[in-house]
Amino acid sequence: MKKNDRLDLSYAQMKWETIFKRILIVMSVILLLLVIGVLTTLIIQSMPTIKTLGIKFLWGKVWDPVNNIYGAYPFLIGTLLTSFTALILSIPFSYAVAIYLGEYNVKGWLSDLLKNTIELIAAVPSIIYGFWALVVLVPVVRTLETKIGVAPYGVGVFSAALVLSVMIIPYAAALGTSLIRMVPSPLKEGAYALGATRFEVIRSVILPYTRSGLFAGILLSLGRALGETMAVTVLIGNTSAVANSFKEAFFGPGNTMASVIANEFTEADHTQYLSALIELGLVLFFVTVVINLIGKRIITKYTSH
Amino acid sequence: MANTVVSSSKFNAWFGDNHVVKDVTIGIEKNQVIAVMGPSGCGKTTFLRCINRMHELIPGATTKGSLKLYDDDVYQMNPIYVRYKIGMVFQRPNPFPNLSIYDNVIAGYKLNGLKMQKADLDNIVQKSLTSAALWGEVKDSLHKKGTFLSGGQQQRLCIARAIAMEPEVILFDEPTSALDPISTASVETLFHELKTNFTLIIVTHNMQQAARVSDKTAFFYMGELVEFDETKTMFTSPSDSRTQNYITGRFS
Amino acid sequence: MDARIGIRNTKSILFKSVIIFFAFIITIPLIIVLLYIIEKGVMQVNWHFLSHVPVPEGETGGGIANALVGSLIIVLMSSIVAIPIGMLAGIYLSENPGTKLAYYSGLCVDILQGVPSIVVGIVMYFWIVKPIGFSAISGSIALAIMMLPIVIRSTEQTLLLLPDSLKEAALSLGVPYHRVILKVIVPCGFAGILSGIILSIARIIGETAPLLFTALGNNYLSTNILKPMESLPHLIYTYATSPYEDQHDLAWGASFILLMFVLLLNIFTKLITRKWQIQL
């Protein structure tokens, strides 16, 4: 009796095994469908403007929904200016944190404290950064702008870039820290044995060794900056006109691809308008995805050898 | 033969294209301790893992030929049932770290969701731990997790876990190679007692261990079963020159 | 010769000072922001604040009850969707590392991780809002999609760290595969998986962009998931950009509450990994 019960149980269990394995596969397929679905929807919904404007959309300088003229150029500029400024501003700090946590102070309470604080920067929701900056930072920037002789908007690319630069530090810092910690000791010890100072070991052993990985960290930070919406929307001033000079573009209001979508999506009342906004979303999708994938690819190549 | 518990006839096993077990024919009798020895890569562990159908869990692993538990071909049976009937103890002790000692022993029941009376389970736990010579050392900490146990104790816990299922055969894959000498000795004394109720097949890298604990020994070399005989005979006057060379240390 | 070494040593010390300076100075903006939010926000929080909905412009009083309840409901729904799918997908990836499906779905996880949240929002607009209208559920699905990569990767990485011997031991006892995974492997990886889940919740609880065109907002306390629903980050966004001082106050209070939630979740994660990590 007992044998037959057990045997029956085993057969029932085999059936459930197969069901479970199939469920696992289905879940992974869902991921594929999600990505394909997102891409398809973006393409289909931007078809109207893709058909009418084609590639010229990307360098059209005028964004005038009232007269049905759409050009992405102002937002490309806004996005690039904001993101790259944020990136450049953040790099010294990200690298400093990475070098400190990766090499100078790897363990201990101070190291943990700094590490947790940096992680905290990433944990704070972006709308909170935006809100705070709107109330506290923008007036300061306004005063600065009057001092240097530009129109004192306060809001604009500069303010957005400042806040963004702080927000993206944790990404490159965390990645850089783990990469620097992975530098093999024999390499460093060899340099020390030859009489190198700490600085020289960092400069000539650690940094070259981690160079591509650190670059990947920058890419990931950049990807984060490009996709950031809320803090930027609140701070950037929301103007879709192209500025006349670099100074004006940098210190004056502008728009990024993400912020114009956030601001105007609900107002888009006709197909072309909506489609133009979706097309911006499509461009944003491609750019961020490509940058992220390249960054991740570099990291996997780096960590596997 | 009703007394032959495990037998194989021209049994082969592959890892992809790699032919690691070649035409092995063997008959193992009940209530004996069988040692399986041979140099690294000779196929002894692979053959062992075919007996309880663990081999096929590796992607690309295949088999051919007959391998029987009594009169039933193991490869025609339900694999889950096979593993219930044939227990295994591994090289590194692997008690479940998320379960208490008590739950570890009855893991074969608990993880399968088999509902049993507490009294029965208590009984099984005590019997199995006693047979594994571990009862005295853990009876007051049954509901603690086994992480404080030494390597030898953990291995005996794994043996108790296998015994609790009341299998026909218990397979041992180099069970003491990760243990210190004292723990090794404690495990080896178990083999002699366990064979009253079970048939033990022990793969070992250690010739002296094979000589110490087993009734019969099988010698594998390059995937083939070279010789299978009474242990005494194997070590004093083996028939095959390859066995002779292995025993005298020509290669290991 | 000594002079040269002296210069090199000085350079090294200088470099270290510069690094320390830059590394620690970056904590100052964070501290400033945190202190400011806490100072401005803690004054707003009282029982009235937590239990009442906002009042129309110009009036005083009001609270964020609609946003609190809304955030809770939306995040709960997202979790119900994202946690099972995420864990199961993570299990698949860790159990079948070489397969084509694992490669391509792993790629999709990386892609989803990089998609800007606003893009997810606009896609959900077409998938869910167009058919059934602005609704809490459309926002939840958008947030669930953002939770997925985090849950999947942390599940996958936690399980990959577990030794194969665990699975082998269970299988050799005649335990079927699904029970091995669900009763042995997943429980042993519990700490890592749970911290991944909590981190993903902490991430989406503050996300605004995906909700802009899905859940919208709602001045009233609603529990109807098929209708618009307010949420903490959305309320902060709406009132932060409004010209009324009273609404700013609400936004400060909401920011404080949101910040505390996020901080607590992050601290909780750290405690879990420390305390419940199963010794292998």
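Quick notes on the rules
- Per chain, residues are indexed from 1 in the order of the written sequence.
- Going through the entries in the order they are written, you letter the chains from A and number the ligands from 1.
- Totals for whole chains, interfaces and linings use all residues, but because this is a predicted model, local features are given only for residues with pLDDT of at least 70 and pairs of side-chain atoms are given and counted only at 80 or more.
- Here the side-chain values reflect all heavy atoms present in the structure, with hydrogen atoms and water set aside.
- In this analysis, two residues are considered to be in contact whenever any of their non-hydrogen atoms come within 4.5 Å of each other.
- By salt bridge we mean one thing: a side-chain nitrogen of Lys or Arg within 4 Å of a carboxyl oxygen of Asp or Glu.
- Pairs of N or O atoms are called polar contacts if they sit within 3.5 Å, as long as, within protein, a hydrogen donor faces a hydrogen acceptor (for residues adjacent in sequence, only side-chain-to-side-chain pairs).
- For this classification, Asp, Glu, Lys and Arg are treated as charged, while Ala, Val, Leu, Ile, Met, Phe, Trp, Tyr, Cys and Pro are nonpolar and the rest, including Gly, are polar.
- As used here, the term nonpolar core means buried Ala, Val, Leu, Ile, Met, Phe, Trp, Tyr and Cys residues forming a set that is joined through side-chain atoms within 4.5 Å.
- The classification of residues rests on relative accessible area computed with a 1.4 Å probe and restricted to protein chains. Under 20% of the type maximum is buried, over 50% is exposed, and intermediate values are partly exposed.
- Think of it this way: any DSSP run of H or I at least four residues long counts as a helix, any run of E at least two long counts as a strand, and we number them from the N terminus.
- Buriedness of a pocket was judged along seven lines, with at least five required to meet protein on both sides within 12 Å; pockets are open sets of points on a 1 Å grid over the protein atoms alone, cavities are sets where a 1.4 Å probe fits but cannot get out, and lining residues have an atom within 4 Å of a point.
- Grid points are joined across faces, edges and corners, and a volume is the space filled by probe spheres set on the points.

Draft legend 1. Focus on the interface of chain A and chain C. With 77 residues of chain A at the contact, the number on the chain C side is 77 residues. Applying the counting rule to chain A against chain C returns 3 salt bridges. Where Glu119 of chain A meets Lys270 of chain C, a salt bridge forms, and the shortest distance between an N and an O atom there is 2.6 Å. Counting every contact that joins chain A to chain C gives 10 residue pairs in polar contact (both at pLDDT 80 or more). Classifying every residue of the side of chain A that touches chain C gives 53 nonpolar, 17 polar and 7 charged.

Draft legend 2. Just the nonpolar core, in detail. Trp63 and Leu280 of chain A together with Phe96 of chain B are the most contacted members of the largest nonpolar core, which totals 264 residues. The greatest single-element share of this core, amounting to 15 residues, is contributed by helix H12 (residues 271-304) of chain A. Setting aside chain neighbours within four positions, we find Phe96 of chain B in contact with Asn104, Ala107, Leu111 and Arg161 of chain B together with Leu166, Ala169, Ala170, Leu173 and Val184 of chain C. Among the nonpolar cores identified, the runner-up in size contains 9 residues, and Ala35, Met207, Ala210 and Val226 of chain B belong to it.

Draft legend 3. Region of the structure containing the interface of chain A and chain B. Tallying the contact residues gives 10 residues for chain A and 9 residues for chain B. Across the chain A-chain B interface, the total number found is 0 salt bridges. Taken together, the connections running from chain A to chain B amount to 2 residue pairs in polar contact (both at pLDDT 80 or more). Partitioning the side of chain A that touches chain B into residue classes produces 4 nonpolar, 2 polar and 4 charged.

Draft legend 4. Representation of the layout of surface pockets in the model. Estimated volume of the second largest pocket: approximately 970 Å³. Along the walls of the second largest pocket sit 31 residues, with Leu57 and Pro59 of chain B together with Glu95, Lys167 and Tyr177 of chain C positioned nearest its centre. Those elements that provide at least two residues to the lining of the second largest pocket are helix H1 (2-53) of chain A, helix H2 (79-85) of chain B together with helix H4 (65-95), helix H7 (136-161), helix H8 (164-172) and helix H9 (177-188) of chain C. The element contributing the most residues to the lining of the second largest pocket is H1 of chain A, with 5 residues.

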